[in-house]
Amino acid sequence: QVQLVESGGGLVQAGGSLRLSCASSGRIVGIRAMGWYRQAQGKQRELVARIFSSGGTIYADSVKGRFAISRDNAKNTVYLQMSSLKPEDTGVYSCNLVTMTSSDWGQGTQVTVSS
């Protein structure tokens, strides 16, 4: 069984920073990528950032230059450092783990950015 647990969400003023963490546990085989998605109220879920097994990364245009995804293989944890936060960044952020044959999700953590 694979478990993904997010943490680090909260309330922050515009221009502030937050660091999200996603800790994984259980037997994980054939990882292709881990990533962060977000979903605002009444909106579809969108990709924020993704890091591949090769170490390569992809970012949504809206967060480039402000967010950074990283991982600690020894701790089986992926992070999302968010800086210069904007109200439009508000939403539920979820961690995603993709293998050759499956896709798993954490429960999500709320990020709220006030003006």
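Throughout this description, residue numbers start from 1 for each chain and increase along the sequence as written. For a predicted model such as this one, the threshold for reporting local features is a pLDDT of at least 70, and the threshold for listing and counting side-chain atom pairs is 80 or more; totals across whole chains, interfaces and linings nevertheless cover every residue. Values reported for side chains reflect all heavy atoms of the structure, with hydrogen atoms and water molecules removed beforehand.

Regarding the environment of Ser 103
Keep this limit in mind: Numbered from the N terminus, helices here are DSSP runs of H or I no shorter than four residues, and strands are runs of E no shorter than two. When a residue's accessible area, from a 1.4 Å probe over protein chains only, is under 20% of the maximum for its type it is buried; when over 50% it is exposed; and in between it is partly exposed. Contacts are assigned to residue pairs with any non-hydrogen atoms lying within 4.5 Å of each other. Between N or O atoms, a polar contact is any pair within 3.5 Å; within protein, one atom must be a potential hydrogen donor and the other a potential acceptor, and residues adjacent in sequence are included only when both atoms are from side chains.
Among the structural elements, Ser 103 can be located in strand 10 (residues 103-105). Classification of Ser 103 by relative accessible area gives partly exposed; the value is 41%. Separated by 23 residues in sequence, Ser 103 and Leu 80 have C-alpha atoms that sit 19 Å apart. For Ser 103, the residues in contact, after removing those within four places along its chain, are Asn 96, Leu 97 and Val 98. A distance of 2.9 Å separates the side chain of Ser 103 from the side chain of Asn 96, its partner in a polar contact.

As for the state of the cysteines
Operational definition: Only a pair of cysteine sulfur atoms within 2.5 Å qualifies as a disulfide here.
Under the counting rule described, the total for this entry stands at one disulfide. Between the sulfur atoms of Cys 22 and its disulfide partner Cys 95 the distance amounts to 2.1 Å. In this structure the cystine formed by Cys 22 and Cys 95 twists about its S-S bond by roughly -85°; its chirality is therefore left-handed. On the criterion of sequence distance, the pair formed by Cys 22 in strand 3 (residues 18-25) and Cys 95 in strand 9 (residues 91-99) is long-range, its members being 73 residues apart. Grouping residues by exposure puts Cys 22 and Cys 95 together as buried.

Focus on the sheet that holds strand 8 (residues 77-82)
Spelled out, the test is: What makes two strands pair is DSSP finding at least two bridges between them. Convention adopted: a line fitted to C-alpha atoms gives each axis, helices being fitted over their contacting stretch, and angles between N-to-C directions are expressed from 0 to 180 degrees.
Taken together, the four strands give an open sheet; going across it, the order is 1-3-8-7, and neighbouring strands pair in antiparallel fashion. Edge positions in the sheet fall to strand 1 (3-7) and strand 7 (67-72), since each has one partner strand and no second. Shown here is a sheet whose adjacent strand axes are inclined to one another by a mean of 15°, direction ignored. One ladder, built from six bridges, connects strand 7 with strand 8; its direction is antiparallel. Bridging from a neighbouring strand, Asp 72 pairs with Thr 77 of strand 8.

Here's the deal with the nonpolar core
Cut-off, in case you're wondering: Only buried residues count toward a nonpolar core. Its members are Ala, Val, Leu, Ile, Met, Phe, Trp, Tyr and Cys residues joined through side-chain atoms within 4.5 Å.
Trp 36, Leu 80, Met 82 and Tyr 93 are the most contacted members of the largest nonpolar core, which has 23 residues in total. Mapped by element, the contributors of at least two residues to this core are strand 3, strand 4 (31-39), strand 5 (46-52), strand 7, strand 8, strand 9 and strand 11 (109-114). Residues in contact with Met 82, not counting those within four places in the same chain, are Gly 16, Ser 17, Leu 18, Leu 20, Arg 66, Phe 67, Tyr 93 and Val 111.

Quick notes on unusual backbone geometry
Residue Asn 76 is not a glycine yet carries a positive backbone phi of 55°. Tracing the backbone through its elements, the reader meets Asn 76 in the loop between strand 7 and strand 8. You can call Asn 76 partly exposed: its relative accessible area is 43%. For Ser 84, which is not glycine, the phi dihedral falls at a positive 50°. With respect to the secondary-structure elements, Ser 84 resides in the loop between strand 8 and strand 9.

All quantities given are derived from atomic positions and should not be read as evidence of function.
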